[in-house]
Amino acid sequence: GDVLGVEVEKGTARFVKDGVSFHEVGLTGTFRFGISFLEEGQECEIIDGDQPDKSVRLPQAGFDATRGWRFVDHLKSIDCDSKDKTAKCVHEITGTVVTQEVVDSAGTYEFNVKVLHVVENAIFTWGFCASETYGKHSNYPLGHKKFPDSMGAASTDSTGKVMSDGKQYHEAPGVAAGDIVGVHVKDGQLRFTKNGESFYKVGVKGNLRFGVSLHKPDQRCQIVDSEAVNQAAGGEPEELPKQSYDDARGWRFCRDVKRIIFDVDAKDKSAKSVTERQATLLTQEVCNAAGSFTFSVRLIELKSSPFVWGVVDDDAKGVHANHPIGHIRYKGTIGAACTAEGGCMMQDGNATASAVAISAGDVLGVEVEKGTARFVKDGVSFHEVGLTGTFRFGISFLEEGQECEIIDGDQPDKSVRLPQAGFDATRGWRFVDHLKSIDCDSKDKTAKCVHEITGTVVTQEVVDSAGTYEFNVKVLHVVENAIFTWGFCASETYGKHSNYPLGHKKFPDSMGAASTDSTGKVMSDGKQYHEAPGVAAGDIVGVHVKDGQLRFTKNGESFYKVGVKGNLRFGVSLHKPDQRCQIVDSEAVNQAAGGEPEELPKQSYDDARGWRFCRDVKRIIFDVDAKDKSAKSVTERQATLLTQEVCNAAGSFTFSVRLIELKSSPFVWGVVDDDAKGVHANHPIGHIRYKGTIGAACTAEGGCMMQDGNATASAVAISAGDVLGVE
């Protein structure tokens, strides 16, 4: 239970117990703190901050609407579930859990929790505190006199009070299981609520966290979204995300109207009404009328009631939850309300002009250009209105079963904007999976042709052709005489990938190796540039880029090389149903061709994160839970494992490993050039084929220093448990 530590102040280190110094020493330079265990079972925990008996630093995460609120879950008296939504008191110790997310009181936020279980006469508290609690939340409830800059509504099952600094500021209602209680912030004003109704309002400043305090075992609550509050109170959502349009990500519907369900796999592109209640669905993105934008939806199901699309003021004030665009109660909105027989333009509940008849399959939209909005059907304008300020696009469903999907880009019949994600080595390659003709699996590694429509799937990741990258796919199933194409294209496809294969004359800035089961050819702009080999199930085909040169490969062997510039995506084109392929890593290519990986991450040493092994040698496994600290050889094949971090010899570094198992062969450790050129995948440090490396190769009997395949000096004998390193 003692709190033991070291306090350093301007070159003096004081050793302390429970805050009292008992020894001082002088220090220079840089250092780390440490603890040593001398017996199995010894245990301690780090205490952060300048109040070591209580303080725990909290993460300063900003609120992310897509992730929602999460509790900080380090308290021993309160147990938070794996998704940090539910909190349960597990000990007779009062404690407060606060949100990991920090909010600016000048913004607009809602935090709501559902009371799952109450304990008779026990207090349940919810409220807010300053973003830095200085550990006070570990021991005190919100509003306690020893928990400064906090306020809480402390309620039993019958009554309650709003507390701050240990003083009562207002009465609060009692709470029961099923109640939804919350705090809502808007423009520096904070309201305490129960089931959507406010009972106390107070001004707030600075950065805040929200939280709950639990006092008795079995008290439980769960963070909920605003829709749960709507259902409890018959209310409406108040706030929409204030997100500007992002060209790389495309249009997305807001998710706050729960009575309209989404096809989540389609990345919020499709929407379908599931109740009779009228509602409007808006884009998350906000646009300025002075710009240029095109928003289009394809109507999938019309029904007998009108389908409405149009523009709305960027702050819907929650009215969109219950009313269609153009309704008398939905001010600042203009919409085209159309059926199969015809339609009209609606504003403030009035029909201001006639509109067009529509049917399933039509592409309906609004094109905005410098203050003018044109309503269009299948690319043809039928009405214009003037626009100013900022707005959102929207669609309104008036009948259950109506359905539409967003079509992105400036070619609404074909174009689909692609995400501009940069390649992430830890996540690997992923296909863009929005094509209807090609089905990608949940991890976006496998692609299967499902229709008699040619289409191309490209990687979500974008790469710079001046870098070094490999993209490989394994052919899982071929169709006799059907073409299978793999290759690359410019990062922006302008939707051409939706209809054309790589290398087609109508798919500019693309090149593909188009192969049947017997022969093939490399195509670009509809012209043949080179022959290509045939492909069969099991073959691994790819494109490898290095320093502006791109190679087409099959089973690790190159058959065509071409110069490339700019940003690229890799992809495959499928032509016949049941054609299938899967993205694979470079190790699969090694196994197919006896080759080697070519690239290591060029990551500099990060003091805060420490050393980590590279993960690219598959025959050495990692203890993932230990953050790439432990490694074990799992095959007889020799290989070298390198740190991901790269160091400069002019600096000061120490790298050490503890030998756990030696075996009869030498264990080798040492230093290598930062670019291993893939040789590490097959050779030990100091090998004649592994240039630029020096290592100590040691057994239980002794060892030697190795360089370029030569023993340059003697080394030491080693055994399990030894700590071996390089300083």
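Calculation rules
Residues numbered from 1 in each chain as written. Predicted model: local features only at pLDDT ≥ 70, side-chain atom pairs only at ≥ 80, totals over all residues. Heavy atoms only, no water. Helix = DSSP H or I, 4+ residues; strand = E, 2+ residues; numbered from the N terminus. Buried < 20%, exposed > 50% of the residue type's maximum accessible area, 1.4 Å probe, protein only. Contact = heavy atoms within 4.5 Å. Patch = residues over 30% accessible without salt bridge, like charges linked within 9 Å, V, L, I, M, F, W, Y side chains within 5 Å. Areas by Shrake-Rupley, 256 points an atom, 1.4 Å probe, with all protein chains shown as cover. Salt bridge = Lys/Arg side-chain N within 4 Å of Asp/Glu carboxyl O. Polar contact = N/O pair within 3.5 Å; in protein donor to acceptor, adjacent residues only side chain to side chain. Pairing = 2+ DSSP bridges. Axes fitted to C-alpha atoms, helices over the stretch in contact; angles between N-to-C directions. pLDDT = per-residue confidence, 0-100. Core = buried A, V, L, I, M, F, W, Y, C linked by side-chain atoms within 4.5 Å.

Engineer: So what exactly am I meant to see when it comes to the overall build of the protein here?
Structural biologist: On a plain count of helices and strands, the protein comes out with two helices and 58 strands. Residues classed as buried in the protein amount to 46% of the 727 residues present. At a minimum sequence separation of 6, the contacts of the protein that also span at least 24 residues come to 61%.

Engineer: What is the right way to read a nonpolar patch on the surface from this model?
Structural biologist: A surface patch of nonpolar side chains, amounting to about 620 Å² of accessible area, comprises Val6, Val8, Phe15, Phe22, Val25, Phe31 and Phe33. Secondary-structure elements contributing two or more residues to the nonpolar patch are β1 (4-9) and β3 (20-26). You can call Val8 partly exposed: its relative accessible area is 34%.

Engineer: Could you clarify how one ought to interpret the side chain of Ser164 in this entry?
Structural biologist: Tracing the backbone shows Ser164 in strand β12 (residues 159-164). According to the relative accessible area criterion, Ser164 is buried, its value standing at 14%. Within polar-contact distance, the side chain of Ser164 engages the backbone oxygen of Ser150 at 2.9 Å. For Ser164, the contacting residues outside a window of four places in its chain are Gly143, Ser150, Met151 and Tyr169.

Engineer: Whenever I open this one, the sheet that holds β3 confuses me. Can you help?
Structural biologist: The strands making up a sheet associate through hydrogen bonds between their backbones, and the pairing can be parallel or antiparallel. Pairing within the open sheet is antiparallel, and its three strands lie in the order β1-β2-β3. Lying at the two open borders of the sheet, with one neighbouring strand each, are β1 and β3. Taking each pair of neighbouring strands and ignoring which way they run, the sheet shows an average axis angle of 25°. Bridging between strand β2 (residues 12-17) and β3 involves six bridges; their strand directions are antiparallel. Bridging from a neighbouring strand, Ala13 pairs with Val25 of β3.

Engineer: I tried to follow the confidence of the model for the protein on my own but got confused; where do I start?
Structural biologist: Reading fine detail from the predicted coordinates is not recommended where pLDDT is low. Within the protein, residue pLDDT values average 81, and 79% of them lie at 70 or more. Taken as a whole, residues 48-55 scores under 50 in pLDDT and shows 18 contacts with residues more than four places along the chain or in a different chain.

Engineer: Teacher, can you tell me more about the pairing of strand β44 (residues 540-546) here?
Structural biologist: Each regular strand carries side chains that alternate between the two faces of the sheet. The buried count for β44 comes to six of seven residues, which makes it a mostly enclosed element. Pairing analysis gives seven bridges linking strand β39 (residues 468-477) to β44, with the strands arranged antiparallel. In the sheet register, Glu470 faces β44, and the bridge partner there is His544. The loop that links β44 with its antiparallel partner strand β45 (residues 549-554) comprises two residues; one of these, Asp547, has a positive phi angle of about 50°.

Engineer: How do you make sense of the nonpolar core when you look at a structure like this?
Structural biologist: Generally speaking, nonpolar side chains in soluble globular proteins are found buried as a group. In this structure, Phe71, Phe124, Trp126, Leu190 and Phe192 are the most contacted members of the largest nonpolar core, which totals 35 residues. At four residues, strand β17 (residues 207-214) tops the list of elements feeding residues into this core. Ala447, Phe484, Val545 and Cys581 belong to the second-largest nonpolar core, a separate cluster that totals 34 residues.

Engineer: What's the story with the environment of Gly695 in this structure? I'm lost.
Structural biologist: Counting through the fold element by element, Gly695 comes out in strand β55 (residues 693-698). Overall, Gly695 belongs to the buried group, its relative accessible area being 0%. Taking the C-alpha atoms as reference points, Gly695 and Ala715, 20 residues apart in sequence, are found 9.9 Å from one another. Excluding residues that lie within four positions of it along the chain, Gly695 makes contacts with Val668, Trp669, Gly670, Ile685, Cys704, Met705 and Met706.

Engineer: In this structure, what is going on with the pairing of strand β56 (residues 703-707)? I would like to understand it.
Structural biologist: With five bridges joining them, β55 and β56 adopt antiparallel strand pairing. In the sheet register, Ile694 faces β56, and the bridge partner there is Gln707. Where β55 folds back onto β56 in an antiparallel hairpin, the turn is made up of four residues, including Gly702, whose phi is positive at roughly 155°. As paired elements, β56 and strand β57 (residues 710-715) share five bridges and run antiparallel to each other. Each residue of the ladder has a partner; that of Met705, found in β57, is Ala713. Connecting the antiparallel pair β56 and β57 is a turn made up of two residues, with Asp708 showing a positive phi of about 55°.

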